[in-house]
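So you can see what is in the structure, the chains are spelled out below.
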Amino acid sequence: MAHSRRDAMLLGLASTAGLAMPGLGEARASDSCASAPAWRYGAEGERLADLGNGRFLNPVLSGDRPDPNILKDGDDYWATFSSFDYFPAVVIWHSRDLVNWRPVGPALTVPLGSVWALDIAKHEGRYFIYIPVFNPTDPSFSAGPAIPCKIFVVHADRMEGPWSAPVDMDIKGYIDPGHAVGEDGKRYLFLNGGARVRISDDGLRRDGPIEQVYAGWPIPDDWIIEALALEGPKVLRRDGWFYLFSGQGGTAGPPTSHMVIVARSRSINGPWENCPHNPIVRTARAGEPWWSRGHGTAVEGPAGDWWLAYHGYENGYRTLGRQMLLEPFVWDADGWPRMTGGDLSAALPMPAARRAGGSGLALSGPFKPSDMGSRLAFFAPQKDYLDRAAFRDGALVLKAQGKGPAESSPLAFIAGDRSYEVSVDVELEGGAQAGLLLFYNPQYFVGLGSDVGALHNYKVGREQGYPPPGPAEGGRFSLRVVNDDNVASFHIRGAGKAWRKIISYEVSSYHHNLADGFLSLRPALFVSGAGQARFSNLLYRGRGSQGA
């Protein structure tokens, strides 16, 4: 039995061949989304959700923040997201008001596989993160006809860590764990497909069989969705009810695919009653500003108000990945949640402000060890990946890996603006090629690289012979990419010279619907061949404030 819509892409992930080629690009579905909403902009030109006037405009965390999960712990909020193939992984974020967030650091450094939708829990004073890992290449993950996935857990005394080594919970073939404690005091993980398993009192292992406990909500036959895909279960206990929030419809595919549904029960054992106005969140029309809205976590705000954090693709900008959205809701007279944020096109009142000093993460500036996980992450790294990077006087020295960018395990960061530019200084050592990419996966990237004697430009993961890129600039040069509304132009300059544009590519098709993998298009540094490269003076600038 297929437990998830993710089963449908399993063969595509298991093989490196046969990926779809780029289409004609992704136009915005409505002129109503063609002009940029009135965000406020930060020191790097990045858009800010907090408008500074008591209101905020989604996304609250821009860029690739899929499957958001939030834990309220006193006055503090802690969030984490699916990391997929990037390590260090499971980066924890902190907030006091649900809108302004700052990264704390990664909870997982061991490259186990692809990290999917997880769950943070606090139980008897200890913190837990339940982590599903997809790995079709490791036989120990095999689960027969089910998805090759295991669930691990890490735990700590504080959300800031240090975190334990990952513990294999002996749960295979399922994803999207959601922790819950029943009226009997026993601990459970709810799983995709309406499944549930009891876990041990210490929260570290399976303690019973996997059971089917919920059938989902019957989606009308004429709705345009990707698949049934019952996943992302999150359990909230309130006023004598257990509320089960779930995602359905598929996290990508058509703009109208994903949704959030709710069911409730007086007992953790059911029966579960579906909300009469399901789905409570859904993109109803392709002209809305946010597509495929779903996978929600309900959380109480600082003033006792209620909010739902979920993800969505930005209309016309699937390349940015699934971004974190925040919508208020109220409990109606019958005890069901009613959303009040509309299609999220307008600014909304802030939760009660108890901010933790600033928001976001600076992408520019000197390289430093604390960047690993928080600012930078390796794609699908080898076990010793952290040994490749050294930090010296604000510079990053990165050892070469592989024969080219596809084999190099690029070091990437998340961009959250519709238009932006990135530049970096490069110094080659040995026989290395180094470069700057917009990277989706090893088969799907664009970019520019250089060794001492030649330039190399890449499209769809392959080096391009035409047009010829022109002469190299030796062993010391600077690289720049300007991404204007999904048109990426790559430049190079030698010491004391002006920028020289090498190539421009249209990149709006570099996203999951064509390439699978649930990823985003990220600026990335790579070094391949022999030797190493020194990167310095990384500069990021969002271009939205320039009218891009």
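Just so it is clear, the structure is predicted and the values come from calculations on it, not from any experiment.

Calculation rules
Per chain, the residues get numbers from 1 upward, laid out in the order the sequence is written. Confidence filtering applies because this is a predicted model: local features only for residues at pLDDT of at least 70, side-chain atom pairs given and counted only at 80 or more, and all residues used for totals across whole chains, interfaces and linings. Note that the side-chain values use all heavy atoms of the structure and ignore hydrogens as well as water. Secondary structure elements follow DSSP: runs of H or I no shorter than four residues count as helices, runs of E no shorter than two count as strands, and numbering proceeds from the N terminus. Buried residues are those whose accessible area, probed at 1.4 Å on protein chains only, stays under 20% of the maximum for their type, while exposed residues exceed 50% and partly exposed ones sit between those limits. Two strands form a pair only when DSSP identifies at least two bridges running between them. Values of pLDDT, ranging from 0 to 100, describe the predictor's confidence in every residue of the model. We call two residues in contact whenever any of their non-hydrogen atoms come within 4.5 Å of each other. Centres within 6.5 Å make a pair out of two Phe, Tyr or Trp rings, where for Trp the six-membered ring is used; the pair is then stacked when the planes are under 30 degrees apart, edge-to-face when over 60, and tilted otherwise. For a lysine, the NZ atom is tested; for an arginine, the CZ atom; a charge sits over a ring if that atom is within 6 Å of the ring centre and within 35 degrees of the ring normal. Between N-to-C directions, angles cover 0 to 180 degrees, with each direction set by a line fitted to C-alpha atoms, over the stretch in contact for helices. To form a nonpolar core, buried Ala, Val, Leu, Ile, Met, Phe, Trp, Tyr and Cys residues must be joined to one another through side-chain atoms within 4.5 Å. A pocket, in this scheme, is an open set of points on a 1 Å grid over the protein atoms alone with protein on both sides within 12 Å along at least 5 of 7 lines, while a cavity is a set where a 1.4 Å probe fits but cannot get out; residues line either one if an atom lies within 4 Å of a point. Grid points are joined across faces, edges and corners, and a volume is the space filled by probe spheres set on the points. Under this definition, polar contacts are N or O atom pairs within 3.5 Å; protein pairs additionally need one hydrogen-donor-capable and one acceptor-capable atom, and for neighbouring residues in sequence, both atoms have to be side-chain atoms.

Colleague: So what exactly am I meant to see when it comes to unusual backbone geometry here?
Modeller: Note on backbone geometry: most residues besides glycine have negative phi, and most peptide bonds are trans. In this chain, Asn58 is followed by Pro59 through a cis amide linkage whose omega measures 10°. Cis peptide bonds are those with omega within 30 degrees of zero, and the linkage from Gly161 to Pro162 qualifies with 5°. Notably, Glu124 is not glycine yet its phi reads approximately 50°, a positive angle. With respect to the element layout, Glu124 can be found in the loop between β10 (119–123) and β11 (126–134). Given a relative accessible area of 74%, Glu124 falls into the exposed group.

Colleague: Looking at this structure, how should I read the pairing of β10?
Modeller: In terms of burial, β10 is a largely internal element, 4 of the 5 residues being buried. Taken together, the 5 bridges between β10 and β11 define a ladder with antiparallel strand orientation. Residue pairing in the sheet places Lys122 in a bridge with Tyr127 of β11.

Colleague: How do you make sense of the confidence of the model for the protein chain when you look at a structure like this?
Modeller: The predicted coordinates should not be examined in detail at positions where pLDDT is low. For the protein chain, per-residue confidence averages 93 on the pLDDT scale, and residues scoring 70 or more make up 92% of the total. Of the regions scoring below 50 in pLDDT, residues 1–24 engages in 56 contacts with residues more than four places distant in sequence or in other chains. Considering only residues more than four positions removed or in separate chains, one finds that residues 30–34, a stretch of pLDDT under 50, has 10 contacts.

Colleague: Would you mind going over the packing of aromatic side chains with me for this structure?
Modeller: Under the definition given, this model contains 24 aromatic pairs. Relative to Phe518, the ring of Trp116 has its centre 5.7 Å away and its plane inclined at 80°; by these criteria the two rings are edge-to-face. Here Trp116 is found in the loop between β9 (114–115) and β10, whereas its partner Phe518 is found in the loop between α3 (512–515) and β40 (522–529), with 402 residues between them in sequence. Among the aromatic side chains, those forming a connected cluster through ring pairs are Tyr86, Phe379, Phe439, Phe445, Tyr458 and Phe526. In this structure, Arg264 packs its charged tip against the face of Trp241, placed 4.0 Å from the ring centre. We note Arg264 situated over the ring of Trp336; from NZ or CZ to the ring centre the distance is 4.0 Å.

Colleague: Please explain the sheet that holds strand β25 (residues 323–331) as it appears in this structure.
Modeller: Each strand in a sheet pairs with another by means of backbone hydrogen bonds, the pair being arranged parallel or else antiparallel. One open sheet holds the 4 strands; their spatial order is β23-β24-β25-β26, and the pairing between them is antiparallel. Of all the strands in the sheet, the pair left with one neighbour each is β23 (290–300) and β26 (337–339). For this sheet, the mean inter-axis angle between neighbouring strands, taken without regard to orientation, is 40°. Two elements, β25 and β26, share 3 bridges in a ladder whose sense is antiparallel. Directly across from Phe329, in β26, lies its bridge partner Met339.

Colleague: Looking at this structure, how should I read the nonpolar core?
Modeller: Counting residues in each nonpolar core, the largest one holds 86 residues, and the members touching the most others are Ile129 and Phe535. The element that contributes the greatest number of residues to this core is strand β33 (residues 432–441), accounting for 7 residues. Once residues lying within four places of it in the same chain are set aside, the contact partners of Phe535 are Phe367, Ala395, Leu396, Leu398, Val424, Asp425, Val426, Ala434, Gly435, Leu525, Phe526 and Val527.

Colleague: Looking at this structure, how should I read the pairing of β23?
Modeller: Looking along a regular strand, one sees side chains alternate from face to face of the sheet. Burial analysis of β23 places 10 of its 11 residues in the buried class, the great majority of the element. Pairing analysis gives 7 bridges linking β23 to strand β24 (residues 306–314), with the strands arranged antiparallel. Note that in β24 the partner of Thr297 across the bridge is Ala309. Once β23 ends, the chain turns through 5 residues before running back antiparallel as β24, passing Gly304 with a positive phi of about 85°.

Colleague: What is the right way to look at empty space enclosed by the protein in this model?
Modeller: A water-sized probe, rolled over the atoms, reveals where empty space remains. Using the criterion set out here, one finds 4 cavities of 30 Å³ or more in the structure. Along the wall of the largest cavity there are 23 residues; nearest its centre are Arg65, Val91, Gly373, Ile414 and Arg522. Contributions of two or more residues to the lining of the largest cavity are made by β7 (89–95) and α2 (371–374). Among the elements that take part in the lining of the largest cavity, β7 stands out by supplying 3 residues, more than any other.

Colleague: So what exactly am I meant to see when it comes to the environment of Pro162 here?
Modeller: Structurally, the position occupied by Pro162 is in the loop between β12 (149–156) and β13 (167–172). Residue Pro162 is classed as exposed on the basis of its relative accessible area, which comes to 75%. Excluding residues that lie within four positions of it along the chain, Pro162 makes contacts with His155 and Ala156.

Colleague: Is there a simple way to think about the side chain of Arg318 in this case?
Modeller: For Arg318, the position within the fold is in the loop between β24 and β25. Classification of Arg318 as buried rests on a relative accessible area of 7%. From its side chain, Arg318 meets the backbone oxygen of Gly253 in a polar contact 3.0 Å long.

Colleague: I keep staring at the environment of Ala49 and nothing clicks. Help me out?
Modeller: With respect to the helices, strands and loops of the structure, Ala49 is situated in the loop between β2 (47–48) and β3 (55–56). On a C-alpha basis, the gap between Ala49 and Ser62 in space is 8.5 Å, while along the polypeptide they are 13 residues apart. Aside from chain neighbours lying at most four places away, what touches Ala49 is Arg55, Phe56, Leu57, Pro59, Val60 and Val99.

Colleague: Can you walk me through the sheet that holds strand β15 (residues 187–191) in this structure?
Modeller: Across the sheet, which stays open at both edges, the 4 strands sit in the order β14-β15-β16-β17 with antiparallel pairing between neighbours. Each edge of the open sheet is held by one strand with a lone partner, namely β14 (178–181) and β17 (206–212). Across this sheet, the average inter-strand angle for adjacent strands is 25°, counted without regard to direction.

Colleague: Looking at this structure, how should I read the environment of Ala454?
Modeller: Among the structural elements, Ala454 can be located in the loop between β34 (444–450) and β35 (455–459). What makes Ala454 partly exposed here is its relative accessible area of 27%. Sequence separation between Ala454 and Gly113 is 341 residues; the distance between their C-alpha atoms is 35 Å. Look past the residues within four positions of Ala454 in its chain and what remains in contact with it is Gly449 and Ala472.

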